Amino acid sequence: MEACINVEKEIEKVLCKFGAFNDHVYRTLTEIIEYVENIKKEISEGAAANEITAAQALILTQCCKKVKDVVASMATEHRDLHGTVSKVGKAIDKNFVADFASTSNEDVFQGTENSKLLNQVISEHFLRQGMLDIAEELIKETGLQMELQKKEPFTELNRILDALKRKDLEPALVWAKSNRSKLLEQNSSLEFRLHRLNFITLLQQGIFKQDEAIAYARKNFQHLASQHEKDIQVLMGCLLYLKSGVESSPYGYLLDPVYWEEICDIFTRDACALLGLSVDSPLAVCTNAGCIALPALLNIKQVMQQRLVTGVWNTRDELPIEIDLGRKCHFHSIFACPILRQQSSENNPPMRLVCGHVISRDALHKLANGTKLKCPYCPMEQNPSDAKLIHF
């Protein structure tokens, strides 16, 4: 964040100088044009013949000199601006590190299988974003075998989202009705919110739509009354203010455009839940997590270099410091061995002892004495081979 602030300060200096230079040039050019126009007017009024007098020639010479001096002065000032602009580039180079080799492992995506998985993640991201042409081309060029039924949900999701952004609720309502039982299982309010927006749209058209609004409510709110009774009562209260205008009533907040933005998020969340997908694509989650973690990793790298302890962090599987990525990046449990104080990994997974206590495999090997192992938390003795691998 500090690096961004430092660069922003340099950019503000550039913008300030460009603004001042622009104002100065505009005033100077306006004055010089007015000066030349006045000379032209004086010469045209004072010339009785087609000859220029010595005095007029002197005035023209002075005018040309003045114009040249002004142009040269502006050119010099413009060149001075290049120095200010170049400082922005230097500030970027100084505050942002381009060498990320110490914070990444290039071997992660080596190999046919890993490369295939990466291309699949990128393709699914494009499908989620509605960039179907790009996704199809990537699938074709990388030779991925993506089944049609895997693409269709993304196509339908983006089609409905596009309609919602145009304030067309019909495709989303059809989808919600066809998946009503599944949405009820996950306690979704999507169908009610869609009907509410349709009802409010009718209310906005005034008293002339009163009968149509009441008929719509009777048809579509009846099966939703048990879950949304209070919300439906509020909507019915709006009918009292149709004549004077709902926007000036206590229910005016229902006309806020934010509800149209909200319905897109709710539909995306519920649709992804039915498809067994996260709301954000794995690629977006990894990128955001990397952006949060990268500054801290670069700072710890710099500290290690200054203290000449660069060899302390020699593995990419374990971070040298704890980085809080926020609640959005909490997806699964993480086990840390209570004996060795190390986070479990594929090479050092958690092991459940017969007594029920859990330690890491490395701790198990260190505590084992042949075929005997005494649990570090209880007096129970057991055979190390009886410990079972745990998957979180």
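Quick caveat, the model's predicted, so the values are computed rather than measured. (Residues numbered from 1 in each chain as written. Predicted model: local features only at pLDDT ≥ 70, side-chain atom pairs only at ≥ 80, totals over all residues. Heavy atoms only, no water.)

**Focus: the overall build of the protein**
Step number 1: Of the regular secondary structure elements, the protein holds 13 helices and 5 strands.
Step number 2: Its C-alpha atoms give the protein a radius of gyration of 36 Å, clearly above 21 Å, the size a compact globule of 392 residues would have.
Step number 3: Based on the C-alpha atoms only, the size of the protein along its principal axes is roughly 120 × 80 × 45 Å.
Step number 4: Buried residues in the protein amount to 30% of all 392 residues.
Step number 5: Of all intrachain contacts in the protein linking residues separated by at least 6 positions in sequence, the fraction that spans at least 24 positions is 55%.
Step number 6: Here the protein has roughly 26,800 Å² of accessible surface; of this, 54% comes from carbon and sulfur atoms.
Step number 7: With 45 positive and 51 negative side-chain charges, the protein shows a separation of 4 Å between the mean positions of the two kinds. (Helix = DSSP H or I, 4+ residues; strand = E, 2+ residues; numbered from the N terminus. Rg over C-alpha atoms; globule rule 2.2 N^0.38 Å. Buried < 20%, exposed > 50% of the residue type's maximum accessible area, 1.4 Å probe, protein only. Contact = heavy atoms within 4.5 Å. Areas by Shrake-Rupley, 256 points an atom, 1.4 Å probe, with all protein chains shown as cover. Lys, Arg positive; Asp, Glu negative; His and termini not counted. Charge placed at Lys NZ, Arg CZ, Asp CG, Glu CD.)

**Details of the pattern of salt bridges**
Step number 1: Here the structure, examined in full by the defined rule, presents 6 salt bridges.
Step number 2: A salt bridge links Lys209 to Glu212, with the nearest nitrogen and oxygen atoms 3.0 Å apart.
Step number 3: Residue classification places Glu212 among the partly exposed positions, given a relative accessible area of 41%.
Step number 4: Between Arg269 and Asp270 there is a salt bridge; the shortest N-O distance is 3.3 Å.
Step number 5: Arg269 gets classed as partly exposed once you look at its relative accessible area, which sits at 43%.
Step number 6: Asp270 gets classed as buried once you look at its relative accessible area, which sits at 4%. (Salt bridge = Lys/Arg side-chain N within 4 Å of Asp/Glu carboxyl O.)

**Brief notes about the UniProt feature "domain: RING-Gid-type" (unreviewed entry) in the protein**
Step number 1: UniProt annotation of "domain: RING-Gid-type" (unreviewed entry) refers to residues 337-378 when read in the numbering used here.
Step number 2: Along residues 337-378 the backbone is 17% helical and 19% strand, and the end-to-end C-alpha distance reaches 16 Å. (UniProt positions renumbered as here; feature names shortened; annotations may be inferred.)

**Re helix α3 (residues 112-128)**
Step number 1: Taking 1.5 Å per residue, 17 residues should reach 24 Å; α3 reaches 24 Å between its end C-alpha atoms and fits that length.
Step number 2: Just downstream of α3, Gly130 is the residue with a positive phi angle, here 80 degrees. (Expected span 1.5 Å × (residues − 1).)

**Some remarks on empty space enclosed by the protein**
Step number 1: Following the criterion strictly, the structure yields 1 cavity of 30 Å³ or more and no others.
Step number 2: When its volume is computed, the largest cavity comes out at roughly 50 Å³.
Step number 3: Together, Arg193, Arg196, Leu197, Ile200, Tyr259, Glu262, Ile263 and Ile266 line the largest cavity.
Step number 4: For the lining of the largest cavity, a count of residues per class yields 5 nonpolar, no polar and 3 charged. (1 Å grid on protein atoms, 1.4 Å probe; cavity = no way out; pocket = protein on both sides within 12 Å on 5 of 7 lines; lining within 4 Å. Points joined across faces, edges and corners; volume = space filled by probe spheres on them. Nonpolar A, V, L, I, M, F, W, Y, C, P; charged D, E, K, R; others polar.)

**Thoughts on the packing of α3 against helix α12 (residues 282-306)**
Step number 1: Two elements in contact, α3 and α12, have axes separated by 8 Å at closest approach and are oriented at 105 degrees. Regarding the angle of α3 to α12, the classification is roughly perpendicular. Judged by residue contacts, Val121, Ile122, His125 and Arg128 of α3 engage Pro282, Leu283 and Ala284 from α12.
Step number 2: Of the residues in the contact of α3 with α12, the class split is 5 nonpolar, 1 polar and 1 charged. (Axes fitted to C-alpha atoms, helices over the stretch in contact; angles between N-to-C directions. Parallel < 35°, antiparallel > 145°, perpendicular 65-115°, else oblique.)

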